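Architecture and fold: a report
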Amino acid sequence: MGIKWNEIFVGGDPLLVGSQIAIVLTVVAIVVGLTYFKKWGWLWREWLTTVDHKKIGIMYILSGVLMFFRGGMDGLLMKAQTARPEMNFLDAQHYNEIFTTHGVIMILFMAMPFLIGLMNVVVPLQIGARDVAFPQLNALSFWLFFSGAMLFNISFVVGGSPDAGWTSYFPLAGKEFSPGIGNNYYAIALQIAGLGTLMTGINFIVTILKMRAPGMTLMKMPMFTWTTFITSIIIVAAFPIFTVALALMTFDRLYGTHFFTLSSGGSDMLWANLFWLWGHPEVYIVILPAFGIFSEVIATFSRKTLFGYTSMVVSIVGIAFLSMIVWVHHFYTMDAGPAVNSFFSITTMLIAVPTGVKIFNWLFTMRKGRIQFTTAMLWALAFVPNFVIGGVTGVMLAMAAADFQYHNTLFLVAHFHYVLIPGVVFAVFAGLYYWWPKMFGFMLNEKLGKYHFWLFTIGFNVTFMPMFFLGLKGAVRRAYTYSAESGFAPLFLVSAIGSIILAIGFAVFCYNIYWSFRYAKRNVFHDPWDARTLEWMTASPVQFYNFAVVPEVKQLDAFWHMKKRGETLTLKESDIKKIHMPSNSGLPFYMAVVFGITGFFLVFEAHIAAAVAAIGIVVGLIIRSFDYNDGYYVSVDEIKETERTWRNVEGGTENHVG
Amino acid sequence: MEHKSKYPVSHVVGFLFSLVLTFVAVFVALKMNVSYTIVMWIIGSLAVLQAGLQLFMFMHVTEGEDGKTNVINMAYAAFVAIVIVAGSIWVLTSGHAAH
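Bear in mind that the values here come from a model prediction, so they are computed numbers and not experimental data.

A word on the UniProt feature "transmembrane region" (unreviewed entry) in chain B
Residues and elements named next belong to chain B.
- Summarizing the sequence annotation, UniProt attributes the feature "transmembrane region" (unreviewed entry) to residues 12-32, 38-59 and 71-92 in the numbering used throughout.
- Split by type, residues 12-32 is 95% helix and 0% strand. Its first and last C-alpha atoms lie 29 Å apart.
- Annotated as 91% helix and 0% strand, the span residues 38-59 places its first and last C-alpha atoms 30 Å apart.

Written as C-alpha cells, this is what we have:
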C-alpha cells in the first residue's frame, strides 16, 4: 500500500529513542493497570462512551494538562539549548521541530481544550440547563479533538515532526522545501481536531440561545456564558477558513496542486493571509473565555456584582467584530503598501479600547470590595498587570512602521507570551481552583496553590521579561543558537533559569492535584466560595442530571439573590418531575478511531489505505443516521434519593475561604 | 421526540443541483476555451448560485419562525464573506506584495 516503513520510525537521536521507550512503557503500564484492576468496563461505560457535558469537560481538561506537560517540555528543551551561546544540545533541525510542536500544542492542544473543558463543565450549569443542546455531538467534538491531538503528538517518534513553525508558512512548508512527511501531520491532524472545535462552536451557540433557564434573558447571563457565546460565534466564523486553508495545503502537499507554491501561478502569501484570517480570531477564541473566567472570579472574591456589565458585553462584541479585521498585522513586512498597513494598524490599535474598558471594569469591581485572597483570586490579580504589559507591547507592535524593527525578534515572542500566559494560562488556573470542587467534590489545596502561584508568576516574568530586551537588541526568534560575541548570553541565561522556576510551579500544580485527590476533605459544601451564579446551586460534585428542578431566574447573579431570599436549599418534592436524559454512545469514540487511522494513512501518503479507512467514517455516519435512541428517563424516586444525600448534610459544610 | 417519516425531497434535489453546478464549474475551468477572466466570472457566479441554493435547500432559511435572528445571521455571514474574499484580494494585490 505504498507505506515506507523505514520512514516511519525515527531512530538515532538518544532523546527520541528515550521518548519512544518511555511511550511504549507508559502504554504497557496503562494496559496492564486497567486489566489488573479490572477497569476496562468502567472506562468504557463511564468515560469513553459518556455524553455528559461534565465528564467531557473533565476529559478535555485532562488532555489540556497532558498537553501542557508536552508543550512545556518542548519549551524547556528550547531554553536549555539557548541557555549558553553555541550549545550543541539540540541541532538546528531538532530545534525547528520543537518550536513548531511547542506552538501548535500550546495553542491548539493546551489552551483550547482547557478552555473548552471549562466551558463544557460550567456553561450548561450557569444557564440552568441539563446538558448541552447536542450531547452526542459534544462527545464527537471531544473525540475528534483527541484523535487529532494524538495524531499530532506521535509525529515526533513516528515519521518526524513538522518543522516549519506553528504558522507553517509557505513556501517552506510546501513539498519543494519540506519533502518529508512531517508537515503532513500538521495539515491532517489539525484538520481532524479543527472539525471537533467547529462542532463545539455550533453546539454552544445553540445551547446558550435555546436552553437557558426560564427568566434568564441574554442580559442576565453570567459573564462567562456571554464570553463563551461570543467565542462560539467567532469559532463558527473563523474555523472554516482554517479548514479550507488546511485542505488546500493538503492538496498541495499530497496531490501536487499549486495553491501556495512559488511556481505555476501559486501564491505563497495566500497561505499567510488565510492562516491569519483564522489565526487572529483564534487568539480571541482563547482570550475571551479567559476574560469570562476572570469576571466570575473577581466578582465572587470581591463580593460585588461585576462593574459595568453592559459595557463588558459591548466590549466583548466589539472585540469579536474587530478580531476579524486585524489579521494583516501579522505580516506587515510583506509590505502590502501604506493603505493596507495603515488600515490594519488602526483596527489593531482600536482593539486596545474595548480591552481597556474591560480592565477598568475589573478594577472597579474590586474597588471597595471585600477582597478574599484565594488562589483563584491571586491568579486574577496577577493577570491585570502582566496582561497590561502584553497589551501595551502589542500596541507598540501594532504600528506598522515600527513593526519592521520588531518583526521576527524575541520582542514579539515575549509580547505574545505576556498576552497568552497571563490571559489564558492564569485564567485556566484561576478557573480550575475555582470550579474544582464542582467537578470533583473536593477542593485543591490552597497552600500548595499559593506555592504554585508564586513560583509560576515569578518564573514566568523571569523567563519572558528578558526576551523583550533580547528582541530589542536584535535577537531573532526561531534561531537555534547565537554567538558569544552577540552579547545575548546573560539575558538568555536569566530566561533559562526563569523557565526552570516556571516548570517547578507547574510541577507543584500537578502535585497539588495528586495531593488533593488523595487527602483533601470530601464533604465539601456545595457553595464553598459563597458565589453568585447558578452552577453553585448544585451538589459538589454535580448530580448527573444537574438540576432536580430547573431554577427560575429573576436577575443577574441569580444564585446570590436566591441566597439572600433564603430559597436555595428548599426543594419542594412535589415539584420534582421525571427527567429526560441522553443515552451513552460508543459512536463518537469509534469515529475518533477511524478518523485517526484515516489521518495516519494520509500522513504517510498511503492513499488506497486511507480511502479504505475512510469507508469506516462513512459507515459511522450511516449508523448515526439510523440511530433512533431517544434517551431515557430518570425516575422521580431516584431524583429524590439523590437530592436527599446532599441537601441534608447540615453541619457537614466546609468553608475553606481564609 | 417524534420522527417525521417524510422523504427529504429538498435535500436530495439540492444535493443533485449542487453536483451539477460543481461539475459545470469544473467543465468551464478545464475544457472551455475562453479567457481566464471569463472563466473566473463564470465559476464565481456558479459559486454564489450554489451558496444560495444550499441556503434554501439545506439550511432551512425559510422555515425559521424568528425573522430577526435570520437577518442578523445573514448580515453577519455576508460581513464575514466580504472580509475574507474582498479583504484577501485587497491585501494580496496592493503594494509590493503583488509585484
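Notes on the nonpolar core
Residues and elements named next belong to chain A.
- Of all hydrophobic cores here, the largest spans 203 residues; its most connected members are F109, W271 and F456.
- Excluding its chain neighbours within four sequence positions, the residues that come into contact with F456 are F68, W379, I421, V425, F426, F429, L502, G505 and F506.
- Y545, A548, I579 and M581 belong to the second-largest nonpolar core, a separate cluster that totals 7 residues.

Points about the packing of aromatic side chains
Residue and element names in this part refer to chain A.
- Inspection of the entire model under this criterion finds 78 aromatic pairs over all chains.
- Geometrically, the ring pair formed by F68 and F429 is stacked, given 6.2 Å between the ring centres and 15° between the ring planes. One end of the pair, F68, is in helix α4 (residues 53-81); the other, F429, is in helix α14 (residues 410-440), with 361 residues separating them in the sequence. Just as F68 is buried, F429 falls in that class too.
- With a centroid separation of 4.6 Å and 55° between ring planes, the pair formed by Y418 and F460 is classed as tilted. On the criterion of sequence distance, the pair formed by Y418 in helix α14 and F460 in helix α15 (residues 446-472) is long-range, its members being 42 residues apart.
- The class of Y418 is buried, set by a relative accessible area of 0%.
- Given the relative accessible area of 0%, F460 is considered buried.
- The positively charged end of K39 is found above the aromatic ring belonging to W42, 5.2 Å away from the centroid.

Observations concerning the interface of chain A and chain B
- Each partner contributes residues to the interface: chain A has 24 residues there, and chain B has 16 residues.
- Here chain A meets chain B over a buried area of about 1600 Å², counting both sides, of which 78% is carbon and sulfur.
- On inspection of chain A and its partner chain B, the count reaches 0 salt bridges.
- There are 2 residue pairs in polar contact (both at pLDDT 80 or more) connecting chain A and chain B.
- Looking at the side of chain A that touches chain B, the elements that each hand over two or more residues are α8 (223-255), α9 (268-302) and α11 (338-366) of chain A.
- Counted by class, the side of chain A that touches chain B contains 19 nonpolar, 3 polar and 2 charged residues.

Overview of the UniProt feature "domain: Cytochrome oxidase subunit I profile" (unreviewed entry) in chain A
- Per the UniProt entry, the sites bearing "domain: Cytochrome oxidase subunit I profile" (unreviewed entry) are residues 36-554 of chain A in this numbering.
- Across residues 36-554 of chain A, helical content stands at 68% and strand content at 0%; the span's end C-alpha atoms are separated by 52 Å.

A few points about empty space enclosed by the protein
All names here are of chain A.
- One pass over the full model with this rule turns up 4 cavities of 30 Å³ or more.
- The calculated volume of the largest cavity comes to roughly 120 Å³.
- In terms of lining, the largest cavity is formed by 14 residues, of which the most central are M223, E296, A299, L306 and D557.
- Top element by residues in the lining of the largest cavity is α9. It accounts for 4 residues.
- Broken down by class, the residue content of the lining of the largest cavity amounts to 7 nonpolar, 4 polar and 3 charged.
- In this structure, the second largest cavity spans a volume of roughly 50 Å³.

Parameters and conventions
- Residues numbered from 1 in each chain as written.
- Chains lettered and ligands numbered in written order.
- Predicted model: local features only at pLDDT ≥ 70, side-chain atom pairs only at ≥ 80, totals over all residues.
- Heavy atoms only, no water.
- UniProt positions renumbered as here; feature names shortened; annotations may be inferred.
- Helix = DSSP H or I, 4+ residues; strand = E, 2+ residues; numbered from the N terminus.
- Core = buried A, V, L, I, M, F, W, Y, C linked by side-chain atoms within 4.5 Å.
- Buried < 20%, exposed > 50% of the residue type's maximum accessible area, 1.4 Å probe, protein only.
- Contact = heavy atoms within 4.5 Å.
- Phe/Tyr/Trp six-rings, centres within 6.5 Å; stacked < 30°, edge-to-face > 60°.
- Lys NZ or Arg CZ within 6 Å of the ring centre and 35° of its normal.
- Buried area = accessible area lost by both parts, 1.4 Å probe.
- Salt bridge = Lys/Arg side-chain N within 4 Å of Asp/Glu carboxyl O.
- Polar contact = N/O pair within 3.5 Å; in protein donor to acceptor, adjacent residues only side chain to side chain.
- Nonpolar A, V, L, I, M, F, W, Y, C, P; charged D, E, K, R; others polar.
- 1 Å grid on protein atoms, 1.4 Å probe; cavity = no way out; pocket = protein on both sides within 12 Å on 5 of 7 lines; lining within 4 Å.
- Points joined across faces, edges and corners; volume = space filled by probe spheres on them.

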